[in-house]
Structure formats: C-alpha cells, structure tokens
Amino acid sequence: MPVFGIWSRAGAAFFVALGVVTGGCGGGVEVIRESPDAGVVRYLYKETDGHLYTSKRQEALDRIDEFCGGPYQVLKEGKTKSRQRVIEGMGGSEIVTEDWWGIRFQCLPRLP
C-alpha cells in the first residue's frame, strides 16, 4: 500500500475527530465582549428544533450570568448570520448549515 493512502486515511480520521471535538457537546456558545458591562452571546441551534428549545440557550444564559456576575437586561435577540461548511466523510462530502441565535445584553448595577 502506498504511503499516500495511509496519510489520506489518517488525515481524514484526524479531521473527523477534530470536527467532533470542535462541534461536539462543549461547543456552540460564544460570548463576544463589546464593553466591560455589555456584549453578545450567540449559540448554535437547529432550525427544526428552534432557538428556544435547545440546551444551548440555557448555557448561553448561564454564560451571561457569569459575565455580569449579577443582574442583566436582554436588549435584543434574533437570528445571526448562518454559516455553511463542508464535512468530508467516508460516504462523500456534505454541506452543513449552522444556524446561530444571538442575545445582546447589558449588565445592570448591583443593588446595595
């Protein structure tokens, strides 16, 4: 068997594993700091399941809690720009569309 064939399978296995790690259970929620007391948190969701019924929403709200360390106000929320990517697998390639939902928030002052 040529060395090229071994590296091709090893490379494919690496990228499949990388996709599982980066797109797996722990990923899909991002906090973007806009100022010391405001930002946007966005999360992946499936269009068929909706943005309210995903476990990522609670994770996103938890991340806002961590960021603010107290009360906050949701200023705006809505669908953000989707992203398409190609996943190469043993059965061929597939185009996957990632849908993101964003929540813009402002931390509120803590009451004494």
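Report follows, based on the coordinates.

Reading the values: rules and limits
Residues numbered from 1 in each chain as written. Predicted model: local features only at pLDDT ≥ 70, side-chain atom pairs only at ≥ 80, totals over all residues. Heavy atoms only, no water. Phe/Tyr/Trp six-rings, centres within 6.5 Å; stacked < 30°, edge-to-face > 60°. Helix = DSSP H or I, 4+ residues; strand = E, 2+ residues; numbered from the N terminus. Buried < 20%, exposed > 50% of the residue type's maximum accessible area, 1.4 Å probe, protein only. Lys NZ or Arg CZ within 6 Å of the ring centre and 35° of its normal. Pairing = 2+ DSSP bridges.

**Things to note about the packing of aromatic side chains**
For step 1, the next point in the chain: In total, this model carries 2 aromatic pairs according to the counting rule given.
For step 2, the next point in the chain: Between Tyr-45 and Trp-101 the ring centres are 6.1 Å apart and the planes differ by 85 degrees, which places this aromatic pair in the edge-to-face class. Taken together, the residues span a long stretch of sequence, with Tyr-45 in strand β2 (residues 38-45) and Trp-101 in strand β5 (residues 92-107) at a distance of 56 residues.
For step 3, the next point in the chain: Residue class for Tyr-45 comes out buried when judged on its relative accessible area of 8%.
For step 4, the next point in the chain: The cationic tip of Arg-42 hangs over the ring face of Trp-100; the distance from NZ or CZ to the ring centre is 3.9 Å.

**Comments concerning the pairing of strand β1 (residues 29-35)**
For step 1, the next point in the chain: Pairing analysis gives 6 bridges linking β1 to β2, with the strands arranged antiparallel. Looking at the pairing, Ile-32 lines up with Val-40 of β2.
For step 2, the next point in the chain: In textbook terms, the turn of a hairpin is the stretch between consecutive antiparallel strands, and for β1 and β2 this stretch comprises 2 residues.

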